[in-house]
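# Report on the structure
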There are 2 protein chains.
Amino acid sequence: MAERQLNMREVARLAEVSVATVSRALREPDKVSDDTRARVNGAAAQLGYIYNAVAGDISTGRSTVIGVLVPAASNALFAETLHSIQDVAMAAGHSTIQGATRYDEAIEGKLIDTLLQRRVKGLVLTGLTYGQEARIAQLATASDVRIVITWEKPPVDTGSISYVGFDNRKASELAVRHLIELGHTRIGLIVGPYSRIARTRHRLDGYRDALDAAGIAFDPSLVLERLPEPVEGREAMEALLAQEEPPTGVFAASDMLAFGALRALHAAGLDVPSDVSLVGFDDVDLAAYTHPPLTTVRVDAARIGRLAAQILIDPAEARSRHYCLDCDLVIRGSTGPVRSGPLRGRHTEIKLGGIPS
Amino acid sequence: MAERQLNMREVARLAEVSVATVSRALREPDKVSDDTRARVNGAAAQLGYIYNAVAGDISTGRSTVIGVLVPAASNALFAETLHSIQDVAMAAGHSTIQGATRYDEAIEGKLIDTLLQRRVKGLVLTGLTYGQEARIAQLATASDVRIVITWEKPPVDTGSISYVGFDNRKASELAVRHLIELGHTRIGLIVGPYSRIARTRHRLDGYRDALDAAGIAFDPSLVLERLPEPVEGREAMEALLAQEEPPTGVFAASDMLAFGALRALHAAGLDVPSDVSLVGFDDVDLAAYTHPPLTTVRVDAARIGRLAAQILIDPAEARSRHYCLDCDLVIRGSTGPVRSGPLRGRHTEIKLGGIPS
DNA sequence: CTGTTAGCGCCTTCAA
DNA sequence: TTGAAGGCGCTAACAG
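For clarity, every value in this text was computed on a predicted model and none was experimentally measured. (Residues numbered from 1 in each chain as written. Chains lettered and ligands numbered in written order. Predicted model: local features only at pLDDT ≥ 70, side-chain atom pairs only at ≥ 80, totals over all residues. Heavy atoms only, no water.)

### So, the overall build of chain A
A count of helices and strands for chain A gives 12 helices and 12 strands. Put simply, 72% of the contacts in chain A that link residues at least 6 apart link residues at least 24 apart. In the structure as shown, chain A presents an accessible area of about 14300 Å², 50% of it carried by carbon and sulfur atoms. Averaged over its 39 positive side-chain charges, chain A has a centre that lies 5 Å from the centre of its 44 negative ones. (Helix = DSSP H or I, 4+ residues; strand = E, 2+ residues; numbered from the N terminus. Contact = heavy atoms within 4.5 Å. Areas by Shrake-Rupley, 256 points an atom, 1.4 Å probe, with all protein chains shown as cover. Lys, Arg positive; Asp, Glu negative; His and termini not counted. Charge placed at Lys NZ, Arg CZ, Asp CG, Glu CD.)

Below is the structure:
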């Protein structure tokens, strides 16, 4: 019970060699005679010795731990990224410390502190809050902590910061254009915390781009900012449906929001897509399993994670790498042509030619 | 760029005190004069010094890192547990290293190795594979690594191992009994990898208990073992529906499986619950958002995480603690009385009095 | 191929 | 209240 963890010295003693030799036998087996290696391994096994990676790191001055911050682990989307990061990390003998920021700047800041204290080799950041941007930029230049921003293509100056993302604005435009092509002109948007996070703001921009291109006036009352959780999606959709002139197409810029929205639609007795079309974003696992299956923007979450981890771990990776991935629309059952008849007794008026404010 | 991370010595130099004093000023502010403390803090701030928690741990011989293993982070369920563990850990100045085992014994073993090498203070284990049980038991007694098993109440000897779980067998019985009370007699079970994991095996046991109590014969062809993912749930349900005499009620012992099953049901043009009733397990966030909303067994995932983390972190916690939580059935729209008419042209025969093999 | 010697960054007696 | 010295477990440079 509670025996002290043993160290190399004890292994050395049993194997009748020096500590340095044990270290070599364990980490660079070639640099040691067959006989010695066998004796060391034998002793280690017999004692049940477990290498102390913490001491190793501190002694070499290197770090074999990477930190990962996501907004919420409960979003299946980020979970996929986490998985692939772990795979790459484990294969390279690294560990990952992770944290969920919950879209909260203060929590995010504290988590970054913790990771830095833990002397991580690098940081994978997702959904970075505006408030932390400056600090991260400074960190990237003034320290040797590698930084990778994921899920977005940062708008400006990423000189020393790597990123693995895609064009959220274009992706968003794609989704909305799909609705427009189906004849929808009154299109709602339920979107994440764009006032705090760049990635989300770009999705709002893409929505406006699509509207502009089609000459549809921008109506702020159709845009709802919510946290990407099902409850919030449901409430937002309820609010949309309660309006004078509800939208016939809705773009929920996160599958989690879309799931909630779908529920609200069913609860209101509306049919999807014949009454209302719905588009999500992320193509989470479950998006293909809703009723009807969700049309959504597909992003290769696993690939993002893999690339991000490689950037951090691969010693050959230069100062910073920038990957901008493609993403496409997966059309499933939740979107269809706008219907001509009235929705719940109201006529949907078509506005054309309006110039967005 | 890439300036070397600075250490206490440099802070000490600037503050014109010794390293020991810096250490004290930072960790035990009371043991230092007001003046000194101010100077040290000032110097640290000016330099942008970041405390090295790794060196701290190694020097004290303590550990402020805890390891968490879950089968899959993508299961929203475990994500919740992770969140709450992190909250507790962060509040206590600890970090969490986590890993996803994917129900694979080899991966699980490798992850445990890594965590041990990282000298975690303790391990939170979920869905421990049979193959690792012995090793863990030994670890719990022979080392000072604390172990907490979660999500299940281990069947035997947990002398030195803590757990925070609930009675999976009873919970499962609860779900099946609900179906029986609705008049179902032909009940399918889609369940996780019970041949590798105890928690899952208990769910199978509970299913049989309920059947036994009602005098319903156990039919092995109605039991399908699958990994808890939507695809597998869909395929399993398809297999069930393809049988001579498909079940009228199905218990999917994981919401992820239930989501997939629901899809298969819709795709087959069947109505839930009037054609087939479906019960899930876990009460994941999204369970309330399916169509129809899922009847499922509710477990307080966040509470499990909180308790587990406390056991590991709280120095006052004795050698081992055992929590067995309650869990209850949340009845929503996916279950209803068995219908008397034929299902897809076939009669559901009622078997009674059979003794399970 | 192996042992000796420093040293990584911090903490903790023990004196002063 | 503060500093000096030794040590945590391991690695790296240098002899031999």
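### Re the UniProt feature "domain: HTH lacI-type" (unreviewed entry) in chain A
Those residues carrying the UniProt feature "domain: HTH lacI-type" (unreviewed entry) are residues 6–60 of chain A in this numbering. Segment residues 6–60 of chain A splits into 71% helix and 0% strand. End C-alpha atoms: 20 Å apart. (UniProt positions renumbered as here; feature names shortened; annotations may be inferred.)

### A short note on the interface of chain B and chain A
Chain B puts 60 residues into the contact, and the matching count from chain A is 61 residues. Carbon and sulfur atoms make up 58% of the surface buried where chain B meets chain A, a total of about 5500 Å² over both sides. Considering only the surface of chain B that becomes buried against chain A, Arg118(B), Arg119(B) and Tyr289(B) emerge as the three largest contributors, covering 15% of it. At the surface where chain B touches chain A, the tally comes to four salt bridges. One salt bridge in this structure joins Asp87(B) and Arg102(A), with 3.2 Å as the shortest N-O distance. Linking chain B with chain A are 23 residue pairs in polar contact (both at pLDDT 80 or more), by the criterion used here. Only helix 4 (53–60), helix 5 (76–91), strand 2 (95–100), helix 6 (105–117), helix 7 (130–142), helix 10 (230–241) and helix 11 (255–267) of chain B provide two or more residues apiece to the side of chain B that touches chain A. Of the residues contributing to the side of chain B that touches chain A, the split by class is 30 nonpolar, 19 polar and 11 charged. (Buried area = accessible area lost by both parts, 1.4 Å probe. Salt bridge = Lys/Arg side-chain N within 4 Å of Asp/Glu carboxyl O. Polar contact = N/O pair within 3.5 Å; in protein donor to acceptor, adjacent residues only side chain to side chain. Nonpolar A, V, L, I, M, F, W, Y, C, P; charged D, E, K, R; others polar.)

### Examining the relation of the copies chain B and chain A
Two copies of a chain can be linked by a rotation about an axis combined with a shift along that same axis. When chain B is fitted to chain A, the residual RMSD is 0.1 Å, and the transformation amounts to a turn of 180° plus an axial shift of 0.0 Å. Taken together, the rotation and translation relating the two chain copies correspond to the operation of a two-fold axis. Of every C-alpha in chain B, the one belonging to Ile97(B) sits nearest the axis of rotation, 2.2 Å from it. By residue overlap, the copies meet face to face through one surface: 100% of the interface positions of chain B are interface positions in chain A. (Least-squares fit on C-alpha atoms with pLDDT ≥ 70 in both.)

### Regarding the pattern of salt bridges
Overall, the coordinates contain 26 salt bridges over all chains when judged by the stated rule. Between Arg186(B) and Glu245(B) there is a salt bridge, with the nearest N and O atoms lying 3.9 Å from each other. Of this pair, Arg186(B) sits in the loop between helix 8 (168–181) and strand 6 (187–191) while Glu245(B) sits in the loop between helix 10 and strand 8 (249–252), placing them 59 residues apart in sequence. Residues Arg186(B) and Glu245(B) agree in their burial class; the two are buried. The partner of Asp283(B) in a salt bridge is Arg298(B), and the shortest N-O contact between them spans 3.5 Å. With Asp283(B) in the loop between strand 9 (277–282) and strand 10 (295–298) and Arg298(B) in strand 10, this residue pair connects regions lying 15 residues apart in the sequence. On the accessibility criterion, Arg298(B) (34% relative accessible area) is partly exposed. Bridged by salt links that share partners, the residues Arg186(A), Asp219(A) and Glu245(A) form one connected network. (Buried < 20%, exposed > 50% of the residue type's maximum accessible area, 1.4 Å probe, protein only.)

### Considering the packing of aromatic side chains
In total, this model carries 10 aromatic pairs over all chains according to the counting rule given. A centroid spacing of 6.3 Å and a plane angle of 25° characterise the contact between Phe166(A) and Phe281(A), whose relative ring orientation is stacked. Remark: Phe281(A) occurs in strand 9 (residues 277–282) and Phe166(A) occurs in strand 5 (residues 162–166); sequence separation between them is 115 residues. Overall, Phe166(A) belongs to the buried group, its relative accessible area being 1%. Ring centres of Phe78(B) and Trp151(B) lie 5.8 Å apart, and the angle between their planes is 90°; this geometry places the pair in the edge-to-face category. One end of the pair, Phe78(B), is in helix 5; the other, Trp151(B), is in the loop between strand 4 (146–150) and strand 5 (162–166), and 73 residues separate them in sequence. Accessibility expressed as a relative area gives 1% for Phe78(B), which makes it buried. (Phe/Tyr/Trp six-rings, centres within 6.5 Å; stacked < 30°, edge-to-face > 60°.)

### Description of helix 2 (residues 19–27) of chain B
Those residues of helix 2 of chain B that sit buried are Thr21(B), Val22(B) and Ala25(B). Down the axis of helix 2 of chain B, the buried side of the element spans an arc of 100°, and every buried residue falls inside it. (Arc of directions from axis to C-beta.)

### Some remarks on the protein's contact with DNA strand D
The immediate surroundings of DNA strand D are formed by 26 residues, with Met8(A), Ser23(A), Tyr49(A), Ser59(A) and Thr36(B) found nearest. Backbone atoms, meaning sugar plus phosphate, form 73% of the atoms of DNA strand D positioned within 4 Å of the protein. Between DNA strand D and the protein, one listed contact pairs a phosphate oxygen with a side-chain N or O atom of Arg27(A) at 2.9 Å. At a separation of 2.3 Å, a sugar or linking oxygen of DNA strand D approaches a polar side-chain atom of Ser59(A). (Near = heavy atom within 4 Å.)

### A look at the sheet that holds strand 7 (residues 223–225) of chain B
Residues and elements named next belong to chain B. Spatially, the six strands line up as an open sheet ordered 7-6-8-9-10-12, and their pairing is mixed. The sheet terminates laterally at strand 7 and strand 12 (328–330), the two strands that pair on one side only. With strand direction ignored, the average angle separating the axes of adjacent strands in the sheet is 20°. Examined bridge by bridge, strand 8 and strand 9 share three bridges and lie parallel to one another. Note on strand 9: the bridge partner recorded for Val 250 is Leu 278. Relative to strand 6, helix 10 is tilted by about 155°, and along the sheet it contacts strand 6, strand 7, strand 8 and strand 9. (Pairing = 2+ DSSP bridges. Axes fitted to C-alpha atoms, helices over the stretch in contact; angles between N-to-C directions.)

### Focus: the protein's contact with DNA strand C
Taken together, 27 residues surround DNA strand C, and among them Thr36(A), Met8(B), Ser23(B), Tyr49(B) and Ser59(B) come closest. Protein-proximal atoms of DNA strand C, defined as those within 4 Å of the protein, fall in sugar or phosphate at a share of 73%. For DNA strand C, a phosphate oxygen lies 2.5 Å from a polar atom in the backbone of Met8(B). With respect to DNA strand C, the side chain of Ser23(B) contributes an N or O atom lying 2.4 Å from a phosphate oxygen. Every element with two or more residues in the surface near DNA strand C is listed here: helix 2 (19–27) and helix 4 (53–60) of chain A together with helix 2 and helix 4 of chain B. Looking at the surface near DNA strand C element by element, the count peaks at five residues for helix 4 of chain B.

### Some thoughts on the nonpolar core
Within the largest apolar cluster, 150 residues are counted, with the highest numbers of intra-cluster contacts made by Tyr207(A) and Tyr207(B). Non-local contacts of Tyr207(A), meaning those with residues more than four positions away in its chain, are made with Ser172(A), Val176(A), Ile187(A), Gly188(A), Leu189(A), Phe218(A), Leu222(A) and Val223(A). Grouped together as the second largest cluster of nonpolar side chains are 40 residues, Val65(A), Leu111(A), Leu69(B) and Leu111(B) included. (Core = buried A, V, L, I, M, F, W, Y, C linked by side-chain atoms within 4.5 Å.)

### Some details on the sheet that holds strand 6 (residues 187–191) of chain A
In any sheet, the strands associate via hydrogen bonds between backbone groups, in a parallel or an antiparallel arrangement. All names here are of chain A. Across the sheet, which stays open at both edges, the six strands sit in the order 7-6-8-9-10-12 with mixed pairing between neighbours. Each having just a single partner strand, strand 7 (223–225) and strand 12 (328–330) make up the two edges of the open sheet. The sheet shows a mean angle of 20° between the axes of neighbouring strands, taken without regard to direction. Two strands pair when backbone bridges link them, and strand 10 (residues 295–298) and strand 12 are joined in this way by three bridges, in the antiparallel orientation. Across the sheet, residue Arg 298 finds its bridge partner in strand 12, namely Asp 328. Contacting strand 6, strand 7 and strand 9, helix 9 (residues 198–214) crosses the sheet at an angle of about 175° to strand 6.

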